[in-house]
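These are the residues of each chain, in order.
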Amino acid sequence: MSNDIIIIGSGIAGLASGCYAQMNGYNSTIFEQHSLPGGLCTSWDRKGYTIDGCIHWLVGSSPESGFNKYWKELHALNGVTSVYHDIFTTIETGTFKDKKTFIVYADTAKLNSHMKEISPEDSTEIDIFTSLIDKFSSFEMATDTPPELMKIGDFIKMIKTMKPYMKEFRMYRKLTIADYASKFTNPHLREGLTNILNMPNFSFLGLIFMLGWQNSRKAGFPVGGSLEFSKRIENRFLSLGGKIKYKSPVQKILTKNNQAIGIKLENGEQYYADIIISAADGYSTIYSMLSGKHTSKKIDRIYKTLPLFKPLFLLSIGVKRDFSSHPCMVIKHLQSPVIIEGEKHAKLGIKHYCFDPAMAPEGSSLLEIYYTSDYDYWKKLSQTPDLYNREKNKIADTLIGALESLYPGIKQEIEMIDTATPLTFERYTSNRKGTFEGWLLTPKTLTLKIKKTLPGLKNFYMTGQWVQPGGGIPSAAKSGRDLIAIICHKDKKVFTTTN
Ligand SMILES: Cc1cc2nc3c(=O)[nH]c(=O)nc-3n(C[C@H](O)[C@H](O)[C@H](O)COP(=O)(O)OP(=O)(O)OC[C@H]3O[C@@H](n4cnc5c(N)ncnc54)[C@H](O)[C@@H]3O)c2cc1C
């Protein structure tokens, strides 16, 4: 097999790199450890239900969004409609006996008046909050030229684009969600905002971007779900002449004279190419596939100290009940708290997918309940598979019991139960500690740049969520696009794209 480029991993970053490589006349092959495309961007079928393990919102789903042009190039949304939610999330605050419901409307006018109903005394800050969202609703996340190739003209253009946002950027970039929430005097608003993403130390500006995309309806859910989305990009890659080898876990990246020259699979097979791209987990790429030979103090510090998106425990249930009249995503108080992984949980986050008929048989609903879990807890348990399985089932029972207290009779209506622990995410994608999105977007990582190359290694590049703090599907795709533009530039080729 002759290859110009070998790509490790068929997640969105690997697939996008492959598509743009093919568009630019490179002959590329992706090696993927699993039997399906998409990596984290996936779904799975169980007993007539489709469990969507990824997309909540996809930036660029709407043709109004600047990012949509990249999805067009990748054929990622061809023939698909997207669903835009009127409500981002609904959070019960206070206590079970004295609760209030904080509805995070996508529309800022509705959000503004709802927040003022909860807390007239916070009117001034509420106006500031919703006008910030309004302002950032028109913010476009990507510039066509990769940052690495920007010339003075591009910087001037970027500065001009950024100028209207700079004052707010400077004011808020160092704040976490929890920092900002503390500005409200009303305890319900404080609690609701702090827990809006269940990640209080997430960048506040990151949240504003998200709410802005909801308000401008630029980020929806593509009907059919995550795996279908990934398969359309896989299809685009194959139709451009790219090749994918599934069930091909890469064990080593082969190097000679400080140049990457190929890969060795776990089964011993070796493949060679002019350029090797890793679109796989960053830690295993650097410290295992390359044996830690091409790192630096900065890289080591990043991998030792930066926080990750904490992994999830995901319980999916198929129920013979129509949930379409309920809020699609709600965090509800429990009458009595439950103990899970040794911690008290007084609330339960529940999501249904009734907005997409592909997810459940007619009249039935797919429900997902997830919480932030502890990787080490499961890792330890997994040393005794029996204990691990028993704990998984015990937690599922506990959560179903809690659900029954909220929706009496639901237990009898369950047709399908599926559980995924942080180890499931790790086993499926090899992502470090089962993280679902790589580096957490904090005030520190908001402006952090991570290089796509490693010290002392030529013809090798990294792409995807491990070089794009904050992760996400659009970043993964853009990271692949940028990388091929960089490679074209190095090869003195004009980077071209097709639709
Ligand atoms: C529950 C959940 C919800 C999410 N919600 C959203 C959302 O609403 N919006 C959004 O934008 N993003 C969301 N994300 C995040 C998003 O899915 C990821 O950030 C993005 O898909 C990462 O893409 P990637 O290609 O960089 O990495 P990955 O998807 O991790 O792809 C890496 C690929 O490399 C393969 N691989 C790893 N090691 C090897 C090896 N040794 N040999 C061969 N192959 C290997 C893996 O199997 C995988 O296919 C969510 C993720 C999850 C799990």
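Residues numbered from 1 in each chain as written. Predicted model: local features only at pLDDT ≥ 70, side-chain atom pairs only at ≥ 80, totals over all residues. Heavy atoms only, no water.

Okay, the pairing of strand β17 (residues 343–352) next. Two strands pair when backbone bridges link them, and strand β16 (residues 329–340) and β17 are joined in this way by eight bridges, in the antiparallel orientation. The partner of H333 across the bridge, within β17, is K347. As judged from the three bridges shared by β17 and strand β18 (residues 365–372), these two strands associate in the antiparallel manner. Following the sheet pairing, H352 is matched in β18 by L367. (Pairing = 2+ DSSP bridges. Helix = DSSP H or I, 4+ residues; strand = E, 2+ residues; numbered from the N terminus.)

Bringing the site of the ligand into the picture now. Around the ligand lies a shell of 38 residues, among which E32, L40, H56, N431 and Q465 are the nearest. Here an oxygen atom of the ligand and a side-chain polar atom of Q33 are 2.9 Å apart. Taking Q465, its side chain carries an N or O atom lying 2.8 Å from an oxygen atom of the ligand. Here the ligand, which alone exposes 1,000 Å², has 95% of that area covered by the protein. Listing elements by their share of the shell around the ligand, those giving two or more residues are α1 (12–23), α14 (422–429) and α15 (473–490). Taken together, the residues of the shell around the ligand break down into 20 nonpolar, 16 polar and two charged. Of the residues that make up the shell around the ligand, three or more belong to each of domain 1 (5–48 + 56–80 + 224–307 + 439–490) and domain 3 (312–429). (Near = heavy atom within 4 Å. Polar contact = N/O pair within 3.5 Å; in protein donor to acceptor, adjacent residues only side chain to side chain. Areas by Shrake-Rupley, 256 points an atom, 1.4 Å probe, with all protein chains shown as cover. Nonpolar A, V, L, I, M, F, W, Y, C, P; charged D, E, K, R; others polar. Domains from an automatic or database assignment.)

Next up on the list: the nonpolar core. Membership of the largest hydrophobic core comes to 96 residues, with the highest contact counts inside it found for W71, F129, I196 and F229. Residues contacting I196, with those up to four places away along its chain left out, are F88, T89, I91, V104, I177, L207 and L211. In this structure, V330, I395, I410 and I414 belong to the second largest nonpolar core, which totals 29 residues. (Core = buried A, V, L, I, M, F, W, Y, C linked by side-chain atoms within 4.5 Å. Buried < 20%, exposed > 50% of the residue type's maximum accessible area, 1.4 Å probe, protein only. Contact = heavy atoms within 4.5 Å.)

Let's shift gears to the layout of surface pockets. Here the second largest pocket defines a volume of roughly 300 Å³. Residue lining of the second largest pocket: 16 residues in total, with T42, W44, R46, T424 and Y428 positioned closest to the centre. Elements with a minimum of two residues in the lining of the second largest pocket: β3 (43–46), β19 (414–420) and α14. Looking at which element gives the most residues to the lining of the second largest pocket, the answer is α14, with five residues. (1 Å grid on protein atoms, 1.4 Å probe; cavity = no way out; pocket = protein on both sides within 12 Å on 5 of 7 lines; lining within 4 Å. Points joined across faces, edges and corners; volume = space filled by probe spheres on them.)

Note that G192 resides in helix α7 (residues 187–194). Sequence separation between G192 and A181 is eleven residues, and the spatial gap between their C-alpha atoms is 8.5 Å. Sequence-distant contacts of G192, defined by excluding residues within four places in its chain, comprise I91, T93 and F102.

With that out of the way, let us pick up the pattern of salt bridges. Tallied over the full model, the rule gives 17 salt bridges. Residue K332 pairs with E92 through a salt bridge whose shortest N-O separation is 3.3 Å. On the criterion of sequence distance, the pair formed by K332 in strand β16 and E92 in strand β7 (residues 87–94) is long-range, its members being 240 residues apart. One salt bridge connects K478 with D482, and the closest N-O pair in it is separated by 2.7 Å. You can see K478 and its partner D482 sitting in helix α15, four residues apart, about one turn around the helix. For the pair shown, K478 and D482 are each scored as buried. When salt bridges that share partners are traced, they join K69, E73, D144 and R481 into one network. (Salt bridge = Lys/Arg side-chain N within 4 Å of Asp/Glu carboxyl O.)

Working note: non-glycine residues mostly have negative phi, and peptide bonds are mostly trans. One non-glycine residue, S291, adopts positive backbone phi at about 50°. Within the fold, S291 resides in the loop between α10 (282–289) and α11 (297–305). Even without glycine at this site, K492 takes up a positive phi of about 55°. By the secondary structure assignment, K492 is in the segment after α15.

What follows deals with the packing of α10 against α11. For the pair α10 and α11, the least separation of the axes is 11 Å and the interaxial angle reads 130°. If you check the angle between α10 and α11, you find them oblique. For the element pair α10 and α11, the recorded crossing hand is left-handed. Facing α10, whose interface residues are G282, Y283, I286 and Y287, α11 presents I299, D300 and Y303. (Axes fitted to C-alpha atoms, helices over the stretch in contact; angles between N-to-C directions. Parallel < 35°, antiparallel > 145°, perpendicular 65-115°, else oblique. Left-handed = near helix turned anticlockwise from the far one by under 90°.)

A word on empty space enclosed by the protein. Using the criterion set out here, one finds one cavity of 30 Å³ or more in the structure. Of the voids in this model, the largest cavity is the one considered here, and its volume is about 40 Å³. Lining the largest cavity are F323, H326, P327, C328, V330, I350, K351, H352, L367 and Y407. Looking at which element gives the most residues to the lining of the largest cavity, the answer is β17, with three residues.

Our focus in this paragraph is the sheet that holds strand β6 (residues 82–83). Across a sheet, paired strands are connected by hydrogen bonds in the backbone, their directions being either parallel or antiparallel. On the basis of which strands lie adjacent, the open sheet formed by three strands has the order β5-β9-β6 and antiparallel pairing. With one partner strand each, in any of the chains shown, β5 (58–59) and β6 form the two edges of the open sheet. The pairing of β6 with strand β9 (residues 219–222) spans two bridges and is classified as antiparallel. Counterpart to S82 in the pairing with β9 is P222.

Once that is clear, we can look at α10. What α10 keeps buried is the set G282, S284, T285, I286 and M289. Each element contacted by the buried residues of α10 is listed here: β1 (5–8), β11 (250–256), β14 (275–278), α11 and β20 (460–462). One side-chain oxygen at the N-terminal end of α10 lies 3.4 Å from the backbone nitrogen of Y283; it belongs to D281.

You can read the domains of the protein as domain 1 (5–48 + 56–80 + 224–307 + 439–490), domain 2 (104–216) and domain 3 (312–429). Each partner contributes to the interface: domain 1 provides 13 residues, whereas domain 3 provides 15 residues. The largest share of the area that domain 1 buries against domain 3 comes from H34, W44 and H56, three residues that together contribute 35% of it. At the boundary of domain 1 with domain 3, the tally comes to one salt bridge. In this structure, D418 engages R46 in a salt bridge whose closest nitrogen and oxygen atoms are separated by 3.0 Å. Summed over the shared surface of domain 1 and domain 3, the number is six residue pairs in polar contact (both at pLDDT 80 or more). Split into classes, the residues belonging to the side of domain 1 that touches domain 3 amount to three nonpolar, eight polar and two charged. (Buried area = accessible area lost by both parts, 1.4 Å probe.)

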